[in-house]
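Coordinate inspection notes
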Amino acid sequence: KKIVSFSIQYMENYSNDALLAGEMFMKSRLYSNTAKYKYLYNEIGNNISDIKEPSLKGIQDEINSGEKSYTINKSGFRDIRVKNISAKLLEINKKLEASCLVIILMTTGMRNSELVNLKRYPEIEDDEYFHIKRDIKKTAKTEEGEEQSICIPLITKKAIEILSQIGEIKDG
């Protein structure tokens, strides 16, 4: 119960920040170490406002704390004191991904294998209720499986959409 509650709150309150963290992480991989941290410092410190996600807000606060966020080494380059920014960004994004998985699995009754085989941006019908079609293989009458439509709550629809966005970010 606590895990589901945490997952719902995290997704509803911090999904935009966590998606942004994932995008910054993926973009930072294009740079060498020094350029990577310069990019991340600039993005997090100067170009993002209204951060709510606690870990990302903590990174921003540390970056913007002035001289304390870096030192000048013997070569004249900044040594960054905010350690493992990339790892922290990835952790934030993974926390959102895990939250979405928990919500989907707990509200649909899907098996892990069914969720893994779900298409990115699956078709969600909006009649009186939201419906999603999924392929059932384990209990199907044929080896190919059968399609089944199930009702889902709005929170699950959001989790599926966010999970699809995370997949796009990971793919670049």
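Rules and cut-offs
- Residues numbered from 1 in each chain as written.
- Predicted model: local features only at pLDDT ≥ 70, side-chain atom pairs only at ≥ 80, totals over all residues.
- Heavy atoms only, no water.
- Helix = DSSP H or I, 4+ residues; strand = E, 2+ residues; numbered from the N terminus.
- Buried < 20%, exposed > 50% of the residue type's maximum accessible area, 1.4 Å probe, protein only.
- Contact = heavy atoms within 4.5 Å.
- Areas by Shrake-Rupley, 256 points an atom, 1.4 Å probe, with all protein chains shown as cover.
- Expected span 1.5 Å × (residues − 1).
- Bend = angle between axes of the 7 residues up to and from the residue.
- Pairing = 2+ DSSP bridges.
- Axes fitted to C-alpha atoms, helices over the stretch in contact; angles between N-to-C directions.
- Salt bridge = Lys/Arg side-chain N within 4 Å of Asp/Glu carboxyl O.
- Core = buried A, V, L, I, M, F, W, Y, C linked by side-chain atoms within 4.5 Å.
- Polar contact = N/O pair within 3.5 Å; in protein donor to acceptor, adjacent residues only side chain to side chain.

**A look at the overall build of the protein**
- What the protein contains, in helices and strands, is six helices and five strands.
- The order of helices and strands in the protein, counted from the N terminus, is α-α-α-β-β-α-α-β-β-β-α.
- Counting all 172 residues of the protein, 38% fall into the buried class.
- At a minimum sequence separation of 6, the contacts of the protein that also span at least 24 residues come to 56%.
- As displayed, the protein offers around 10,900 Å² of accessible surface, 48% of which is attributable to carbon and sulfur atoms.

**With respect to helix α1 (residues 2–28)**
- In this model, α1 (27 residues) spans only 34 Å end to end at C-alpha, well below the 39 Å of a helix rising 1.5 Å per residue.
- Along α1, the helix axis deviates most sharply at Y14, where the bend reaches about 75 degrees.
- Here α1 has its buried residues at S7, Y10, M11, S15, D17, A18, L19, A21, G22, M24, F25 and S28.

**What about the sheet that holds strand β5 (residues 146–152)?**
- Pairing is antiparallel across the open sheet formed by three strands, whose spatial order is β3-β4-β5. The outermost strands of the open sheet, each flanked by one partner alone, are β3 (124–126) and β5. Taking each pair of neighbouring strands and ignoring which way they run, the sheet shows an average axis angle of 30 degrees.
- Bridge count between strand β4 (residues 130–136) and β5: seven bridges; the pairing is antiparallel.

**Here's the deal with the pattern of salt bridges**
- Tallying each qualifying case throughout the model produces seven salt bridges.
- The salt bridge partner of D171 is R120, with a shortest N-O separation of 2.8 Å. On the criterion of sequence distance, the pair formed by D171 in helix α6 (residues 154–171) and R120 in the loop between α5 (112–116) and β3 is long-range, its members being 51 residues apart.

**Details of the nonpolar core**
- Judged by nonpolar contacts, the single largest core of 38 residues is most densely connected at M11, M24, I44, L89 and L96.
- Among the elements of the structure, α1, α2 (33–47), α3 (54–63), α4 (85–108), β4, β5 and α6 are those that each provide at least two residues to this core.
- The contact partners of M11, leaving out residues within four places of it in the chain, are L96, C100, I103, I155, K158, A159 and I162.

**Things to note about the pairing of β4**
- Most of β4 sits inside the fold, with five of its seven residues counted as buried.
- By the bridge criterion, three bridges tie β3 to β4 in an arrangement that is antiparallel. Within the sheet, the bridge partner assigned to I124 lies in β4 and is I132.
- Hairpin connection between β3 and β4: a loop of three residues separates the two successive antiparallel strands.

**Considering the side chain of Q60**
- In this structure, Q60 sits in helix α3.
- For Q60, a relative accessible area of 6% puts it in the buried group.
- One polar contact links the side chain of Q60 to the main-chain carbonyl oxygen of I48, over a distance of 2.8 Å.
- Excluding residues that lie within four positions of it along the chain, Q60 makes contacts with I44, G45, I48 and I51.

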